[in-house]
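A closer look at the structure
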Amino acid sequence: MSSKKKPISPLGIATLIVVVLAISLISVSGFYTDWLWHQQLGFSAVFTTRFTAEIVTFVIAAVGMGLVSALSISLAYKFRPIYVQVVEDRFGLSQYRELLTSLRKAITIVVPVLLAIFAGVATGAFWQTALTFLNRVPAKVEDPQFHLDVTFYMFELPFYHSVLSYLSITALVALVLALLFNLVFGSIRLSQNAVSFSKAARVQVAVSATIFIALQAAGLWLSQYDTMTSASGLYTGATYSDVNAKIPGLQIMAAIGVVVAILFLITAFVAKWRLPIMATGLMIVSSLVLGGLYPWAVQTFQVVPNERTLEGEFIKRNLEATRAAYGLDGVTKIDYQAATAAELGALKEDAKTTAQIRIIDPALVSASFKQLEQYRQYYNFGNHLDVDRYSIDGKSQDTVIAARELNQSGLGTSQSWYNNVIVYTHGYGVVAAYGNQRSADGQPVFFQSGIPSTGALGAYEPRIYFGETSPQYSIVGGTSKALELDYPAGAGDAQQTYTTFNGNGGPKLDSLVNRLAYALKFQSEQILLSDAINNKSQILYDRNPIDRVAAAAPYLTLDKDTYPAVVDGKVVWIVDGYTTSNAYPYSRAENLSAALSDSSTTDQVSRRSINYIRNSVKATVDAYDGSVKLYAWDDKDPILKTWMKVFPGTVQPYSKMSGALMSHVRYPADLFKVQRGILGSYHVTEAGAFYSQQDAWMTPNDPTGSTSSVQKLQPPYYLSLQTPDQTAPAFSIYSTFIPRSTGASSRNVLTGYFVADSDAGAQDGVKASTYGQLRLLVLPRDSVVPGPGQVQNNFNSDSDVSKLLNILRQGSTKVLNGNLLTLPVGGGLLYVQPVYIQSTGETSFPLLKKVLVAFGDKIAFEDTLDAALDNLFGGNSGAAAGDGSSGSGGSSTGGSTSASSGNKALDAALNAAKQALADKAKAMKAGDWNSYGKADAALNAAIDAAIKASSSK
């Protein structure tokens, strides 16, 4: 009994159509929203150029692989023998032949298509290599070995390697397919003693082998250039054995490869396989001898016994190339005969520098900003604040600054789609404090604060729609009724003020298609249904400044320390962008993640190794509307020039920068970290000294960091300071050096002081000539200047200092050591460390109560920096530090120059605290909580008395 199939119902057809449409819509919504986002940002050309390049490279790679593999299969089938000897069946090929014959059409299509897709996907990242090759701009700097422009290694060699790799894989696939299908179809016949080919199979296999071997020969020829960036020993680049053995060997092997390829081509016509097979064996043997054994012999028997002499020329190449690649070829070395005796009036000539010494630690005062300026739980500040400078009353002032950003998690149970997307959309204002001042009770002194924002920075647009912690997305604008919470205050009795976004910050939701696309992107039906959205509404997303700059300039490596600045009546985020390469000849490779890691970093993103870096771009992101501007800061960089040809019109010359923006540009911290890591070894200029590493330096560990076994480097610090060759202090970034650790013999003494001038000036479109000038103060070997670790140890081990701090740590407060700063003043090096005290309560925040200073082996510990410096330098330092705190005449409570080490009141307070601690422990053990409370009150009273005693003369 037969059953007739029922036709598909209209409902089924409709369902199928809906499913197909939904899948298609989801697949294209991401692409469509990305295009809308780039278009609104003004960088649609970047999106379309990148997308077009990706499609073109995919198509070329896929079509090439598909055609070659299809041709190889088709030729094998077309020229198969009609009759196949039965002897082949002993190898079980007949069943495969029948299967392939029956599925020939499918195999001829499916196999090439699969291989084509694989090849296309594998070339996904090739678009950058192709575009830089086609638009390359020479650097007009030649390598010392082959005398080629260095951009040959950056742009051309990677392109040739990529193309050669693709062609080699394609040729290998063609060869394998030719062998496989000709074998199955009977064109290649196997017997117990021999292998025979039909004429067609012989030609196909021999030609395929010819192409493959020729490509390997080309690869060997290119490999000689790879020696210019190989790291095979103490330095990067071609060594003596490379130049005299490996490179000639590669050239000979390439020539042998060409000969072998020719022999395979001859075989296609003369049907003699023995000669090319023997030549192939010779090629393999020669590769072992010329590529391995001979260079090893030269290295072992010639170089190793005379390494310092023979490698001298090549080490010099490495020294020069590395300094040039990392921008260290212009470092000014200064022999600094650092004094270690703190003499009366020694700081008289450094009054301007000491007046700007930053005692506010941006890594510690975030809690102070939050408690004093957060106002509501839905605002927040970053955990590490930023250091900048502002002109206050005509004077440059080092500043600790932060943007008050939105923190929706602080809404708690009030979170809803409407609140998160429509109402709570932005932060409000910046908060700025003097870097060199604190209030009488130890709080930062703000010169810009409050909601609404008021202070010395004048009127500016305070709303922060785009920031480092902005929400995933917000929908703003387009309504006559203000729906967005502006700030928690208002006129009259109003508790809040509302606003409506009035800028161009995101794509418009002006059509059903756009709303549907974003509903799919953010998986929210409310974007389709909410009556708070109309055709003029904008959707703001991807709001982190670094993400926005990365989308506008995908070729840049971005500095993670972006910072806010009030510029021309706006808050802008300033982002430093780097062009990097790992292919600069003879330059040392540095792992970027390791180079940037120190006690201030939290970013654990793995980054590639580089051996060339330039701060080529300064970028800004408007905190209100998210607009991105790119400025060519290093317009001589060949990598930036190349990318500017790829994406024309996206980068402006730095002459377009306003003077206000120029005044907030800094020398970037990440670049400085990389440079200091390189300079530790490459500050020497003589090949023999570099070879022996007798004067290698390192960045010291942060002495104020974790006490765990994992030590992290001390970060560089921004300060206004004056080096011996300068006539006035300049905003700078600095780091110190100590001898490279050699285990138990390591010494924590200073050997160098590295400074970069970070002040770009304040003139429209004109970069200060001193900006970026690198100075290295080299300390004499015959004097001992304590390093940061040794100074911190002196602070911690001083009896009078440690007595007070240890008691404080055991009570209801904790002691926080601020950043340990080092300044070249008084003819030597001055250390300054703020000391904060914080109670253990949930709403407490650090208060700056003491300042530690050191010069040579002497230390002082006072309430104020003025008093500490006067005490340190024999009663009068010669310069007022100007920390703006009360009680500036406070006395020392510690150090070899302490005037009050015998302070009876302090001793009494400390003894009382010790007794109170003992009473608390005894009461706790006995379970006597009444006595425990009394002992705790006595401990707090003793601590207050100790602090008061340490501050009195």
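Criteria and cut-off values
Residues numbered from 1 in each chain as written. Predicted model: local features only at pLDDT ≥ 70, side-chain atom pairs only at ≥ 80, totals over all residues. Heavy atoms only, no water. Helix = DSSP H or I, 4+ residues; strand = E, 2+ residues; numbered from the N terminus. Buried < 20%, exposed > 50% of the residue type's maximum accessible area, 1.4 Å probe, protein only. Contact = heavy atoms within 4.5 Å. Areas by Shrake-Rupley, 256 points an atom, 1.4 Å probe, with all protein chains shown as cover. Arc of directions from axis to C-beta. Phe/Tyr/Trp six-rings, centres within 6.5 Å; stacked < 30°, edge-to-face > 60°. Axes fitted to C-alpha atoms, helices over the stretch in contact; angles between N-to-C directions. Parallel < 35°, antiparallel > 145°, perpendicular 65-115°, else oblique. Nonpolar A, V, L, I, M, F, W, Y, C, P; charged D, E, K, R; others polar. pLDDT = per-residue confidence, 0-100. Pairing = 2+ DSSP bridges. Polar contact = N/O pair within 3.5 Å; in protein donor to acceptor, adjacent residues only side chain to side chain. Core = buried A, V, L, I, M, F, W, Y, C linked by side-chain atoms within 4.5 Å. Expected span 1.5 Å × (residues − 1). Bend = angle between axes of the 7 residues up to and from the residue.

The helix and strand tally for the chain stands at 27 helices and 34 strands. Counting the 953 residues in the chain, one finds 52% classified as buried. Contacts spanning at least 24 positions in sequence make up 69% of the contacts within the chain whose residues lie at least 6 apart. For the chain, the exposed surface amounts to about 42100 Å²; the carbon and sulfur share of it is 57%.

Before going further, it helps to spend a moment on helix α23 (residues 788–797). For α23, the full list of buried residues reads Pro 788, Val 791, Gln 792 and Phe 795. Each buried residue of α23 lies within a common arc of 100° when the element is viewed along its axis, so the set occupies one face.

For the structure on display, the rule yields 48 aromatic pairs. Judged by centre distance (5.8 Å) and plane angle (25°), the ring pair of Phe 126 and Phe 159 falls under stacked. Note that Phe 126 is positioned in helix α5 (residues 126–134) and Phe 159 in helix α6 (residues 150–185), a separation of 33 residues in sequence. Residue Phe 126 shares its accessibility class with Phe 159, and that shared class is buried. Between Phe 522 and Tyr 541, the aromatic rings sit 5.5 Å apart at their centres with planes inclined by 75°, giving edge-to-face as the arrangement. Here Phe 522 is found in the loop between α15 (512–521) and α16 (526–529), whereas its partner Tyr 541 is found in strand β16 (residues 538–541), with 19 residues between them in sequence. According to the relative accessible area criterion, Phe 522 is buried, its value standing at 13%.

Time to look at the packing of helix α8 (residues 240–270) against helix α9 (residues 274–303). Axis separation between α8 and α9 bottoms out at 9 Å; the angle between their running directions is 180°. One element, α8, and the other, α9, form an angle in the roughly antiparallel class. Split by residue class, the contact of α8 with α9 holds 17 nonpolar, eleven polar and one charged.

A word on the confidence of the model for the chain. Here the chain averages 87 in pLDDT, and 90% of its residues register 70 or above. Confidence drops under pLDDT 50 across residues 885–902; counting only partners more than four residues distant or on other chains, this segment forms 60 contacts.

In spatial order, the strands read β5-β6-β9-β10-β11; together these five strands make up an open sheet with antiparallel pairing. The outermost strands of the open sheet, each flanked by one partner alone, are β5 (386–392) and β11 (454–455). Summarising the sheet, strand β6 (residues 395–403) and strand β9 (residues 430–438) pair through five bridges and their orientation is antiparallel. If you follow Thr 399 over to β9, its bridge partner there is Tyr 434.

So, on to the side chain of Gln 204. Among the structural elements, Gln 204 can be located in helix α7 (residues 199–226). With relative accessibility at 11%, the residue Gln 204 sits in the buried group. In this structure the side chain of Gln 204 is engaged in a polar contact, spanning 2.9 Å, whose partner is the backbone oxygen of Ser 72. Beyond its immediate sequence surroundings of up to four residues, Gln 204 is in contact with Ser 72, Leu 75, Ala 76, Ala 178 and Asn 182.

Let's shift gears to the pairing of strand β29 (residues 774–778). Each regular strand shows side chains that alternate between the opposite faces of the sheet. When you tally the buried positions in β29, you get five out of five residues, the bulk of the element. The two faces of β29 match: Leu 774, Leu 776 and Val 778 on one face and Arg 775 and Leu 777 on the other face are all buried. Of the pairings in the sheet, the one linking strand β3 (residues 332–335) to β29 comprises four bridges and is parallel in character. Looking across to β29, one finds that Asp 335 is bridged to Val 778. Sheet topology note: the strand β28 (residues 752–757)/β29 ladder contains five bridges and is antiparallel. Along β29, the bridge assignment pairs Val 755 with Arg 775.

With that settled, the discussion passes to the nonpolar core. Grouped together as the largest cluster of nonpolar side chains are 161 residues, with contacts concentrated most on Ile 475 and Leu 630. Setting aside chain neighbours within four positions, we find Ile 475 in contact with Trp 417, Val 421, Ile 422, Leu 509, Ile 527, Ile 533, Ser 537, Gln 538 and Ile 539. Of all hydrophobic cores here, the second largest spans 70 residues; its members include Tyr 836, Ala 860, Ala 909 and Leu 910.

Compared with an ideal rise of 1.5 Å per residue, which puts 31 residues at 45 Å, α8 spans 45 Å between its outermost C-alpha atoms and is within 8% of the ideal. Its maximal kink placed at Lys 246, α8 deviates by approximately 30°, while the proline Pro 248 follows within four residues. Among the residues trailing α8, Ala 271 stands out with phi positive, at a value near 60°.

The omega torsion across Ile 451 and Pro 452 is -5°, close enough to zero to call that bond cis. Non-glycine residue Asp 393 carries a positive phi angle of around 55°. Relative to the helices and strands, Asp 393 resides in the loop between β5 and β6. Overall, the relative accessible area of 76% leaves Asp 393 in the exposed class. Its identity is not glycine, yet Asp 542 carries a phi of approximately 50°, on the positive side. Along the chain, Asp 542 falls in the loop between β16 and α17 (545–552). You can call Asp 542 partly exposed: its relative accessible area is 37%.

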